[in-house]
Amino acid sequence: MTFPISNASLLQRLLLDPTRRERVTHVEHVPARVGRRADWPVWVPPLLIDRLALQGVPAPWEHQAQAADLARGGQSVVIATGTASGKSLAYLLPVLSELLDDEKATGLYLAPTKALATDQLRAVRALNLTQVRAATFDGDTSYEDRDWVRRFGTYVLTNPDMLHRSVLPRHADFSRFLRGLRYVVVDECHTYRGVFGSHVAQVLRRLRRVCARYGASPVFLLASATVSEPEVSASRLVGLPVIPVSDDASPRGTTEFALWEPPLQKDYAGRGSGENGAPVRRSATAETGDLLADLVVEGARTIAFVRSRRGAEAVAVNARRAVTEAEPTLGARIAAYRSGYLPEERRELEKRLQSGDLLGVAATNALELGVDVAGLDAVVLSGWPGTVASVWQQAGRAGRAGQGALAVFVARDDPLDTYLVHHPAALFGRAVEATVLDPSNPYVLGPHLCCAAAELPLTEEDLPLFPGAADVLPDLVRRGLLRHRPKGWFWTSRERPDADLRGAGGPPVRLVEAETGRLLGTVDHSSSHAQAHTGAVYLHQGESYVVEQLDLDEAVALVRAEEPDYSTSAREVTDIRVAETLRTAAFDDVSLSFGSVDVTHQVVAYLKKRLGSGEVLGEEPLDLPARQLRTKAVWYTISAELLASVGLEWADVPGAAHAAEHAAIGLLPLFATCDRWDIGGVSTALHEDTGLATVFVYDGHPGGAGFAERGHARAADWLRATRDAIASCECASGCPSCVQSPKCGNGNEPLDKDGAVRLLDVVLASGLARAPSG
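In this text, all values refer to a predicted model and were calculated from it rather than measured experimentally.

## A closer look at the side chain of S97
Structurally, S97 can be placed in helix α5 (residues 87-101). For S97, the contacting residues outside a window of four places in its chain are W43, V44, P45, L48, R72 and L92.

Here it is in structure tokens:
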């Protein structure tokens, strides 16, 4: 196979080993682009122009000037351009100009991560504008510094969590700042999707309401990765009309983008090493570790983006081990970067990143949304990051300042990744997704109405700001949370209400070394059942620990230092009942529905998998409590007669439906901005609520997150892609690349790959295949 690779490129050097060339399924050449400059807007103070020139900015790009002019004119705007296109200058121009012109003016900057806010503060302070009193306000800020921010800060950099928990409940303490608020910057706004995005949308509405109390009506400047219809999702986020700026005028170097599929592995007897003897590919984690090591040895500054904290640690450990064999001094220049570190550890890593001391980094998306690292030569994506927008956001970290660069997408052994590396048009030939969020979700709206009423009593005039409030308020009054009086709705308790923005489901679980009492880090409460259960392997800064005990009541997991030769993976079992059918359509002997469901799920065991190969070594039972969830789901039913017409008898249906369900979960992220871990599924040959063979896919968040609804709207395309992914897989009877699931509570039994194809064929042959997609 001949690839369009430039001479002596990084990719060529990686492929000197002939066996590696077989792993590359496609190379996309992303051409360079010439930048287009604009004049400085006439309203920008000369001092700011001079300081920017000293930082190497002679003039803005056209999109920067356009966005800045719109915001200066009082229009809320979303800048939706590529990574490294200079979005920060587009919003800083109007904000800093206003702060220089009016000593009473203030600006607020919101970022999804602390690292990003810290990096932005560094950039603002580098301009040396003494009139601009900029400071971060987050969980790491001391009480003395918080007081200074309240009294004197004019440009405050924080996150939605602090706005929700500290600023809005104590708005009187921030009256000076809120009274002068002219601009609110919402950076990386495409990350505010699903339930988290819906929560942030309510926080921003509460901010607008409190600002109005102090006579302020700030303009919103939103910065986004390239997404579909950015003005629609941005407007839904802030509750205001938003104008898009999406014509990227910044320069870009060429990029070689390779799709990479790890090789199949076999045990010593020549069989597949996975569950039930299924063929298993070498893990993306192991393959990414090798690529990171090779790129570092080549002298290439590289970031490997990994989906999980544990994966980032494992990639860094593997890369350090490999690179030390070739060049012992290079091992210390590779590190992991993820959330959950203590503040001092995070700051030290960020310092080493900025200085260039770190040559290779294995990171979670804390870096995708965090530190602005210039001069990277390569990016490795270990598995599908959730959206096409995130693919380009991560890949865009390489080749900054117009340099050429390499990006490599390493497929995990699952249906979606396998589909993408064999269908490159699904990645390179399609538009980026729209951001999905639903602020009117009653499970999100209710808690925020309580928060709003505690901040200032709710009135009839406030209700248009909170769509759906009229339907939710009576229930809050009935439950005694709010009291309704002629002048509005009042919070009834002395305690402050709360809303769990990130859906953690409780306080974070602290990971504590049992022998020393040292705090290693934290895990979200909702993730603790799967990640911090007794026996779980936990990685921290390259060191391996095993959980001795998980105490959910105290939110503590005790760990001991140990280096087992395996990783762990939790298993859940799930039951589902239909609570309410909101939409349904019948197509011959197939029906497609969307509605509310009650889900019960429980982590019941964990697998031990050999490091590197992923070979299953054993399964250990767990005794953890079940959890309940009322959410939204999409489901389809098939009559027994229709299944029998393609040779699927009663005994065949469980395996066929189960395999179709697994693959559908894996492919839904192509059509909704979700991750397969954001959703779940259940399949059965005879469901008690439908009376038929039924396959459910549901949102893994209370009240729903919009993912299942998107699947319902795109059902024909989604199920067709699911069918094609199964049929095109080269395995004989099912594997992780098509129908096996890493989180299946039934041990991936029964599964019928051929039966799943036949089941989906009859579903698609019904009128459902001709249903309009939206």
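From this point on, the discussion continues.
## Things to note about the state of the cysteines
In total, this model carries 0 disulfides according to the counting rule given. Cysteine C451 is unpaired, with the sulfur of C450 as its nearest cysteine sulfur at 7.0 Å. With relative accessibility at 4%, the residue C451 sits in the buried group. Left without a disulfide partner, C731 is nearest to the cysteine sulfur of C738, which lies 3.6 Å away. Overall, C731 belongs to the buried group, its relative accessible area being 10%.

## Details of the sheet that holds strand β19 (residues 509-513)
Overall, mixed pairing links the 5 strands, which are arranged β20-β19-β23-β22-β21 in an open sheet. For this open sheet the edge positions go to β20 (519-523) and β21 (537-540), each flanked by a neighbour on one side alone. Neighbour to neighbour, the strand axes of the sheet diverge by 35° on average, direction disregarded. Lying on the sheet, helix α13 (residues 309-326) is in contact with β20 and β21; it crosses β21 at an angle near 65°.

## Brief notes about unusual backbone geometry
One non-glycine residue, E188, adopts positive backbone phi at about 50°. Examined against the element boundaries, E188 turns out to sit in the loop between β6 (181-186) and α10 (194-213). For E188, a relative accessible area of 8% gives the class buried. If you check the backbone angles, D588 has positive phi at about 55° while not being a glycine. Position of D588 among the secondary structure elements: in the loop between β24 (566-587) and β25 (590-610). Among the residues examined, D588 registers a relative accessible area of 66% and is labelled exposed.

## Some details on the packing of aromatic side chains
Within this structure, the stated rule accounts for 8 aromatic pairs. Arranged with centres 6.1 Å apart and planes meeting at 50°, the rings of W148 and F152 form a pair that is tilted. Residue W148 and its partner F152 are located together in helix α7 (residues 143-152), separated by 4 residues, close to a single helical turn. In this structure F152 comes out as partly exposed when scored by relative accessible area, which is 35%. In textbook terms, an aromatic cluster arises when at least three aromatic residues are bridged by ring pairs, as seen for F257, W392 and F428. Over the face of the ring belonging to W61 we find R37, whose NZ or CZ atom lies 3.6 Å from the ring centre. One residue, R146, lies across the ring of F137, its end atom 5.7 Å from the ring centre.

## A look at the packing of helix α3 (residues 46-54) against α5
Two elements in contact, α3 and α5, have axes separated by 10 Å at closest approach and are oriented at 135°. The angle between α3 and α5 falls in the class oblique. With respect to the hand of their crossing, α3 and α5 are arranged in right-handed fashion. When α3 is examined against α5, the residues L47, L48 and L52 are found in contact with a partner set consisting of L89, L93, L96, S97 and L100. Looking at the contact of α3 with α5, its residues break down into 7 nonpolar, 1 polar and no charged.

## Some thoughts on the sheet that holds strand β14 (residues 360-363)
Either a parallel or an antiparallel arrangement is found when strands of a sheet pair, and the pairing is made through backbone hydrogen bonds. Taking strand neighbours across the sheet as the criterion, the 7 strands line up as β1-β9-β16-β15-β12-β14-β13 in an open arrangement whose pairing is mixed. A single partner strand is all that each edge strand has here, and the edge strands are β1 (24-30) and β13 (334-337). Mean inter-strand twist for the sheet, computed between neighbouring axes without regard to direction, equals 15°. Looking at chain direction, strand β12 (residues 302-306) and β14 are connected through 4 bridges and run parallel. Counted as the bridge partner of F305 is A363 from β14. In this fold helix α14 (residues 343-355) packs onto β13 and β14, with an angle of close to 130° to the strand it touches most, β13.

## Some thoughts on helix α20 (residues 469-478)
Along α20, the residues classified as buried are A469, V472, L473 and L476. One side of α20 holds all its buried residues, which, seen down the axis, span an arc of 110°. Exposed residues on α20 whose side chains face more than 90 degrees from its buried face are A470, D471, P474 and R478. Along its buried surface, α20 packs onto α19 (442-455), β17 (482-485) and β18 (488-491).

## Structural notes on the pattern of salt bridges
Inspection of the entire model under this criterion finds 40 salt bridges. Residue R72 is joined to D101 by a salt bridge in which the shortest nitrogen-to-oxygen separation is 3.6 Å. Taken together, the positions of R72 in helix α4 (residues 62-72) and D101 in helix α5 put the pair 29 residues apart, joining distant regions of the chain. On the basis of relative accessible area, R72 is assigned to the partly exposed category, the value being 29%.

## Digging into the environment of V599
Along the polypeptide, V599 turns up in strand β25. Among the residues examined, V599 registers a relative accessible area of 1% and is labelled buried. Sequence separation between V599 and G666 is 67 residues; the distance between their C-alpha atoms is 19 Å. Apart from residues lying up to four places away in sequence, V599 is in contact with T574, D575, I576, R627, Q628, L629, T631 and Y698.

## A few points about the packing of helix α6 (residues 114-125) against α14
Running from N to C, α6 and α14 cross one another at 50°; their axes reach a closest spacing of 12 Å. Viewed along their axes, α6 and α14 adopt a mutual orientation that is oblique. Judged by the sense of rotation from one axis to the other, the crossing of α6 with α14 is right-handed. Together, K114, A115, T118, D119 and R122 of α6 and R346, R347, E350 and Q354 of α14 make up the contact between the two elements. When its residues are assigned to classes, the contact of α6 with α14 shows 1 nonpolar, 2 polar and 6 charged.

## With respect to the pairing of strand β27 (residues 627-638)
Residues in a regular strand project their side chains so that they alternate between the two faces of the sheet. The buried fraction of β27 is high, at 9 of 12 residues. With 12 bridges joining them, β25 and β27 adopt antiparallel strand pairing. Bridge assignment links T600 to a residue of β27, and that residue is Q628. Relative to strand β29 (residues 693-699), β27 runs antiparallel, the two being bridged by 6 bridges. Bridge pairing in β29 links W635 to F696.

So, how was this worked out
Residues numbered from 1 in each chain as written. Predicted model: local features only at pLDDT ≥ 70, side-chain atom pairs only at ≥ 80, totals over all residues. Heavy atoms only, no water. Helix = DSSP H or I, 4+ residues; strand = E, 2+ residues; numbered from the N terminus. Contact = heavy atoms within 4.5 Å. Disulfide = S-S within 2.5 Å. Buried < 20%, exposed > 50% of the residue type's maximum accessible area, 1.4 Å probe, protein only. Pairing = 2+ DSSP bridges. Axes fitted to C-alpha atoms, helices over the stretch in contact; angles between N-to-C directions. Phe/Tyr/Trp six-rings, centres within 6.5 Å; stacked < 30°, edge-to-face > 60°. Lys NZ or Arg CZ within 6 Å of the ring centre and 35° of its normal. Parallel < 35°, antiparallel > 145°, perpendicular 65-115°, else oblique. Left-handed = near helix turned anticlockwise from the far one by under 90°. Nonpolar A, V, L, I, M, F, W, Y, C, P; charged D, E, K, R; others polar. Arc of directions from axis to C-beta. Salt bridge = Lys/Arg side-chain N within 4 Å of Asp/Glu carboxyl O.

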